[in-house]
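# Coordinate analysis (summary)
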Amino acid sequence: MRSLDRLTLAHLWLSFAAFAIACVFGLWQMLARSPWPAPFFTPSNYFLSVTAHGSIMAYVLPTFFIMGFGYFTAERALDRRLPLRRLAWAGFGIGIFGVAMAVATILSGRASVLYTFYPPLTGSVWFYIGLVLVVAASWIWCAIMIVAMRDWKRANPGAPVPLAMFATVANAIMWLWTTAGVGTELVFQIIPAALGWTDSVDVGLSRTLFSWTLHAIVYFWLFPAYIAFYTMAPKAAGGRLYSDTMGRVSFVLFLLYSLPVGMHHLFMDPEHSTGFKFLQMTLTVLVTVPTLFTIFTISASMEIAGRLRGGKGLFGWIGALPWERPMVLATGLAFFMLWFGGGGGLINMSYGMNAMVHNTSWVTAHFHLIFGGTVVIMYFAIAYEIWPHVAGSPANSPARQRLQLWLWAIGMMVMTIPWHWLGLLGQWRRVAQFDYTNPLIAQWGPWVLVSVFGGALLLASALLFVWNLAQAHRRPASAVDAFSFARALHEHDRAPRVLNGFGVWNVLVAVLMLAAYGFPIAQFLIDDRPAALVHRTSGRAP
Amino acid sequence: MSPEDSDRLWIRSSIGVVVGVLAFGILSGFVIMPVVQGAQAGIDPWTAICRALGISPGSPAAQQPRSAASGVPVSNVIWSPQVLNTLSSAPADAGRELAVGVCAACHGELGVSTDPAQFPNMAGQSSAAIYKQLHDYKSGARINDTMQSVVQDLTDTQMAEAAAYFARRARPPWDVTWVRTAGPEADRLARTGDSARGLPACESCHSPAAAGPVETPVLFAQTPQYLSVQMRAFKSGQRRSDLFGRMRDVAGKLSEREIDMLAQYYSEMR
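Residues numbered from 1 in each chain as written. Chains lettered and ligands numbered in written order. Predicted model: local features only at pLDDT ≥ 70, side-chain atom pairs only at ≥ 80, totals over all residues.

This part takes up the overall build of chain A. When its secondary structure is counted, chain A shows 18 helices and four strands. Since a compact globule built from 542 residues should have a radius of gyration of about 24 Å, the 23 Å found for chain A is in line with a globular shape. Oriented by its inertia axes, the alpha-carbon framework of chain A measures out at about 65 × 50 × 45 Å. Contacts in chain A between residues at least 24 apart in sequence constitute 85% of all its contacts with a sequence separation of at least 6. (Helix = DSSP H or I, 4+ residues; strand = E, 2+ residues; numbered from the N terminus. Rg over C-alpha atoms; globule rule 2.2 N^0.38 Å. Contact = placed C-beta atoms within 7 Å.)

To continue, consider the overall build of chain B. Along its length, chain B carries 12 helices and zero strands. Along chain B, helices and strands appear, N-terminal first, in the series α-α-α-α-α-α-α-α-α-α-α-α. The globule rule puts the C-alpha radius of gyration for 270 residues at 18 Å, and the 29 Å found for chain B is more than 25% above it. Considering chain B as a whole, with its 270 residues, one finds that 34% of them fall into the buried category. Taking the contacts inside chain B whose residues are at least 6 apart along the sequence as the reference set, 61% of them involve residues at least 24 apart. (Buried ≥ 20, exposed ≤ 12 C-beta atoms within 10 Å, placed from the backbone.)

Ranked by internal contacts, the top residues of the largest apolar core, which has 187 residues, are Ala170, Leu256, Ala330, Ile377, Met378 and Phe380 of chain A. By residue number, the principal contributor to this core is helix H15 (residues 361–391) of chain A, which donates 21 residues. For methionine 378 of chain A, the contacting residues outside a window of four places in its chain are Pro224, Ala225, Ala228, Ala330 and Ala334 of chain A. Residues Leu84, Leu87, Leu134 and Ala162 of chain B belong to the second largest nonpolar core, which totals 23 residues. (Core = buried A, V, L, I, M, F, W, Y, C linked by C-beta atoms within 7 Å.)

Bringing the domain arrangement of chain B into the picture now. Here chain B is partitioned into domain 1 (13–61), domain 2 (81–167) and domain 3 (184–267). Relative placement of domain 1 of chain B and domain 3 of chain B: their C-alpha centres are 51 Å apart. (Domains from an automatic or database assignment.)

Residues and elements named next belong to chain B. Put simply, helix H4 (residues 96–107) and helix H7 (residues 156–167) touch, their axes get as near as 8 Å, and they point 85° apart. By the angle between their directions, the pair H4 and H7 is classed as roughly perpendicular. Facing Arg96, Leu98, Ala99 and Cys103 of H4, the residues of H7 in contact are Gln158, Ala162, Tyr165 and Phe166. Taken together, the residues that form the contact of H4 with H7 break down as six nonpolar, one polar and one charged. (Axes fitted to C-alpha atoms, helices over the stretch in contact; angles between N-to-C directions. Parallel < 35°, antiparallel > 145°, perpendicular 65-115°, else oblique. Nonpolar A, V, L, I, M, F, W, Y, C, P; charged D, E, K, R; others polar.)

In this structure, glycine 183 of chain B sits in the loop between H7 and helix H8 (184–191). Along the chain, glycine 183 of chain B and alanine 48 of chain B lie 135 residues apart, while their C-alpha atoms are 63 Å from each other.

It is worth spelling out H15 of chain A at this point. Residues and elements named next belong to chain A. The terminal C-alpha atoms of H15 lie 39 Å apart, and with 31 residues this falls more than 12% below the ideal 45 Å at 1.5 Å per residue. At glutamate 385, H15 shows its largest bend, some 45°, and a proline, proline 388, comes one to four positions later. When you tally the buried positions in H15, you get 29 out of 31 residues, the bulk of the element. Immediately downstream of H15, the backbone of glycine 392 shows phi near 90°, a positive value. (Expected span 1.5 Å × (residues − 1). Bend = angle between axes of the 7 residues up to and from the residue.)

The interface of chain B with chain A comprises 47 residues on the first partner and 43 residues on the second. Secondary structure elements with two or more residues in the side of chain B that touches chain A: helix H1 (3–40), helix H2 (45–53), helix H3 (81–89), helix H5 (127–139) and helix H9 (203–206) of chain B. The biggest single contributor to the side of chain B that touches chain A is H1 of chain B, with 18 residues. Tallied by class, the residues present in the side of chain B that touches chain A amount to 27 nonpolar, 15 polar and five charged.

This part covers unusual backbone geometry. The linkage connecting proline 119 of chain A with the following residue, proline 120 of chain A, adopts the cis geometry, with an omega of 15°. Within the fold, proline 120 of chain A resides in the loop between helix H3 (85–107) and strand S1 (121–122). One non-glycine residue, phenylalanine 244 of chain B, lies in positive phi territory at about 60°. You can see phenylalanine 244 of chain B is positioned in the loop between helix H10 (224–236) and helix H11 (246–253).

All right, on to H5 of chain B then. Because each turn of an α-helix spans 3.6 residues, side chains separated by three or four positions in sequence point in the same direction. Residue and element names in this part refer to chain B. Its 13 residues give H5 an end-to-end C-alpha distance of 18 Å, which sits within 8% of 18 Å, the value for a rise of 1.5 Å per residue. A large share of H5 lies buried, amounting to 12 of its 13 residues. Listed as buried for H5 are Ser127, Ala128, Ala129, Ile130, Tyr131, Lys132, Gln133, Leu134, His135, Asp136, Tyr137 and Lys138. Where the residues of H5 are buried, they touch H3, helix H6 (145–151) and H7. Looking one or two places after H5, you find glycine 140, whose phi comes out positive at around 85°.

Time to look at the environment of glycine 411 of chain A. Residue and element names in this part refer to chain A. Note that glycine 411 resides in helix H16 (residues 398–425). For glycine 411, a count of 23 C-beta atoms within 10 Å puts it in the buried group. Residues glycine 411 and histidine 53, 358 residues apart in the sequence, show an inter-C-alpha distance of 17 Å.

Residue and element names in this part refer to chain B. Running from N to C, H3 and H7 point in directions that differ by 40°, and their axes come no closer than 8 Å. One element, H3, and the other, H7, form an angle in the oblique class. Between H3 and H7 lies a crossing whose hand is right-handed. Contacts between H3 and H7 pair Val83, Thr86 and Leu87 from the former with Thr157, Ala160, Ala163 and Ala164 from the latter. (Left-handed = near helix turned anticlockwise from the far one by under 90°.)

As structure tokens, this is what we get:
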């Protein structure tokens, strides 16, 4: 009998099917911006495509992946049946309904507003309601994760919550904080505007509320990758996690410092003072700390594995690692891309240097490399790792899995390195087409063509990924060992209380948010500021 | 160390580190940086701190630039929620008397022009577009002897109501016996533009779903004669009430043949 985890399977398939479609849009957009002709090109089709690609990659792929992986983690890490399973299915139903509503609206051309919520441009209200339903589904997931951990702690008083689950709940709590910003913006500003109830909108306030969400949402996407680094990669490499405590500290730091930092997306905006921008930049710097902790801890864990496998000398352990295993290979490739993506990020978050790259392809390159590269390649690895336990049979052969991972990493580098360079040359993001006969920008052409080639590799890799996973369903069920997460080198009977729950951290998040966003938001309510007229893509006033 | 002591130490040091870093950020961003940079720019410390906090305007690190330039807009229309509200919620027949009594002589009682080659059809046009033109005639931003004298004594509300009246009339239908003649070249220009000449797609503003500038007219049901005359008026600069010279710029780049082609293309739009 096939051991199917239908709940996780449903979430992951929705996530990956949408992802493959969005990759097609992505490659087409690159053609549109290149010197080559793109079929069906019109500027309005381009913006429709960016909206579809961005909305799927930002809201559908990660949200449903995180939900599915979270349900899997809750059952396997806690070794208990998932509570409120029916509610979880209801959440999936709400989510899929929301996705259908949003995608249909985008494809009808009535919501070409990109995937960011920047009024005064507003699309059809069905687009926003669809996305609100996706968020509502994710809130159900958050509640179930919190309940699962609470129940487990009651049944195991004093015992440390397994790291994978601790991290998952940290992400759920962070997500609840995160969505408060965009949720407020949608409910009080954008949806009334889209419905025609209001004719003007305070753009400064909406940009501020969106910035509240904008950085933390990226960390919401990133959590599963880090969970895999800490709790899956060391085991796949045949070793142990160097430090469980370091993992807990890192996840807590992500919870703390992904939220009060979003104003680094508004460095060039006029509605905030330099002091608050500086403060949020300072807090942004701290986001690098958990990443550096992680690089250190995972490198140490890998070193343990490498030496256990006979690796000698200063770097000999690296070669001794079992790189043929997809999870190990993906971790290596993810770290490689993280160096470049993280380095670019340091430039983005620096108040002064940001001006240089603002609104250029550099920014697009940065988030594709970090999210599309480091994070999504770990989504692939996680899917391959858990597939036998979810689908009842392993994904396609490890060789095909490795081919897919290599294609993805190479494609992402070939695509984003030229984008970084083009950004420095001044190429704008979010522009549908360029006139390469203009001598001022003619030199961009070859770089853009190279990046299109990278995009083609990415699409090939995405399709191979889906095919690899689908192969499992064609095979008979196979017996697989019980799933387990990596064990720590030093296992403790207890964790410091503060690293086994989130009470203190929630208070500290509230303090940081009040300091970083209190006055910047309050000023819009204190001062009488000019509001912008709402521009609706869903049609003009009669 | 007992577990309780260890827990206490963890909590205290966690709070200490988080609050300490926050205090460092606040002190640097609101006090040290503005005071030091302000001093270099000749700004007193208190003003610099107030500016860094955002409670008084300006940069803490530079004097407010002064500008003597004063722009004179071509068009004086101000798009406020009140104006848009009047346009969208004017009583159904508020503008009828004016429309029937005055405008109908040329533009038709139902907004279908008596001589569409000369006078545009108004039925189904965007109310904001009609209002903008009436306002421009009144302020002298757009010149036409007849229209300027007609609108001279009208109030903003009257103009908005007349605009709303015509906007709600049904568009003139397409006669099934007509044959569409506009070719793919016009279609390409209208929907894609020509980036080599910096020509945006007409549809990026004129399509009903484009969310372009609020005053952009929707292009349909006009005669090719009327449309080409207007494009040529923009091209020559004779018509100059378009904000930022958008249409003067676009029409200036179109060839005579393209103007005729696009006029034909949009005359066949319904």
